[in-house]
Amino acid sequence: VLQNISLVIPARGIFGLIGPNGAGKTTVFNLISGLMAPTSGAIEFRGQPLNGLAPHRITRCGIARTFQNIRIFKEMTLAENVLVAIARQDRYSAMRVLWPSASLRAAQQRQRAEATELLAKVGLADKAAILAGKLSYGEQRRLEIARALATAPRLLLLDEPAAGMNGAEKQQLMQEIRKLEESGLSILIIEHDMRFV
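Residues numbered from 1 in each chain as written. Predicted model: local features only at pLDDT ≥ 70, side-chain atom pairs only at ≥ 80, totals over all residues. Heavy atoms only, no water.

Q: What am I meant to see in the sheet that holds strand β4 (residues 63-65) here?
A: One key point about sheets: their strands pair by backbone hydrogen bonds, in either a parallel or an antiparallel sense. Ordered by their spatial adjacency, 4 strands build an open sheet running β1-β6-β5-β4, and the pairing between neighbours is parallel. Only two strands of the sheet have a single neighbouring strand rather than two, namely β1 (13-17) and β4. The average angle at which neighbouring strand axes cross in this sheet is 20°, direction not considered. Where β4 lies against strand β5 (residues 155-159), 3 bridges are found, and the strand directions are parallel. Looking at β5, one finds that A64 is bridged to L156. Contacting β4 and β5, helix α6 (residues 137-149) crosses the sheet at an angle of about 160° to β5. (Pairing = 2+ DSSP bridges. Helix = DSSP H or I, 4+ residues; strand = E, 2+ residues; numbered from the N terminus. Axes fitted to C-alpha atoms, helices over the stretch in contact; angles between N-to-C directions. Contact = heavy atoms within 4.5 Å.)

As structure tokens, then:
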């Protein structure tokens, strides 16, 4: 699908990847995030080769993504959805979890506070305790962004984040994405809505 692609994303900013359906935009994201392996060429992030790394290792390098088709845990609360991604960043031994210490409880409290803060960044803090399946389509997309942010990325890949949103939701999302960029993130967006881009 992809041939002769050369793409450099600067250390900070918002960038759009546009093109018709079937042009290979999502394939670019799949290659960067490790869901597909390139047959030739090189993918690097901050000087580190990514070719052959598993998706979770690429996430640990500082790249997070959302998907064209929303992938959230609908039977979990919003806070729990975000906590799943936060908890993956901390490593606990089985012994530490089976016999929790004061330091583990403090870490869990910190994680809950971080989840609330991330939900606030996408305008969902007031809904932290409800089940994700009860959200509107646009809110589910914003939850997916909060969960991606929980991995502390330097590069955020957003695959059609405004799809299915009404005009007011798109305006709110644009403001939230601008705030994320102001915090120092690089953001690469696939989007068909040229006004949004």
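Q: Can you help me understand the pattern of salt bridges in this one?
A: Opposite charge on two side chains permits them to pair, given that their charged atoms come into close proximity. Following the criterion strictly, the structure yields 6 salt bridges and no others. D159 is the partner of R65 in a salt bridge, and the nearest nitrogen-oxygen pair spans 3.6 Å. With R65 in strand β4 and D159 in strand β5, this pair connects stretches of sequence that are 94 residues apart. Each of the two residues, R65 as well as D159, counts as buried. With its nearest N and O atoms 3.6 Å apart, the salt bridge here joins E176 to R142. Placement of E176 in helix α7 (residues 167-182) and of R142 in helix α6 is noted, with a sequence separation of 34 residues between them. Classification of E176 by relative accessible area gives buried; the value is 8%. (Salt bridge = Lys/Arg side-chain N within 4 Å of Asp/Glu carboxyl O. Buried < 20%, exposed > 50% of the residue type's maximum accessible area, 1.4 Å probe, protein only.)

Q: Sorry, what's going on with the environment of F73 here?
A: Note on placement: F73 falls in the loop between β4 and α3 (78-89). Among the residues examined, F73 registers a relative accessible area of 40% and is labelled partly exposed. Between the C-alpha atoms of F73 and N30, which are 43 residues apart in sequence, the distance is 21 Å. Filtering out sequence-adjacent residues up to four positions away, F73 remains in contact with N81, V84, A132 and R147.

Q: Would you explain the nonpolar core in this entry?
A: Side chains that are nonpolar tend, in soluble globular proteins, to be buried together. Of all hydrophobic cores here, the largest spans 33 residues; its most connected members are V82, L119, L143, I145, L156 and I187. Looking at this core, the elements with two or more residues in it are α3, α5 (102-121), α6, β5, α7 and β6 (186-190). Core analysis: the second largest hydrophobic core is formed by 15 residues, F29, L31, I32 and I63 among them. (Core = buried A, V, L, I, M, F, W, Y, C linked by side-chain atoms within 4.5 Å.)

Q: What is the right way to read the packing of α6 against α7 from this model?
A: Relative to each other, α6 and α7 sit at 10°, their axes nearing to 11 Å. In terms of axis orientation, α6 runs roughly parallel to α7. Between α6 and α7, the contacting residues are G138, R142, I145 and L149 on the first element and E169, Q172, L173, E176 and L180 on the second. For the contact of α6 with α7, the residue count by class is 4 nonpolar, 2 polar and 3 charged. (Parallel < 35°, antiparallel > 145°, perpendicular 65-115°, else oblique. Nonpolar A, V, L, I, M, F, W, Y, C, P; charged D, E, K, R; others polar.)

Q: So what exactly am I meant to see when it comes to the side chain of Q140 here?
A: Among the secondary structure elements, Q140 is positioned in helix α6. At 3.3 Å, the side chain of Q140 forms a polar contact with the backbone oxygen of L135. Sequence-distant contacts of Q140, defined by excluding residues within four places in its chain, comprise I70, I72, K74, A132, G133 and L135. (Polar contact = N/O pair within 3.5 Å; in protein donor to acceptor, adjacent residues only side chain to side chain.)

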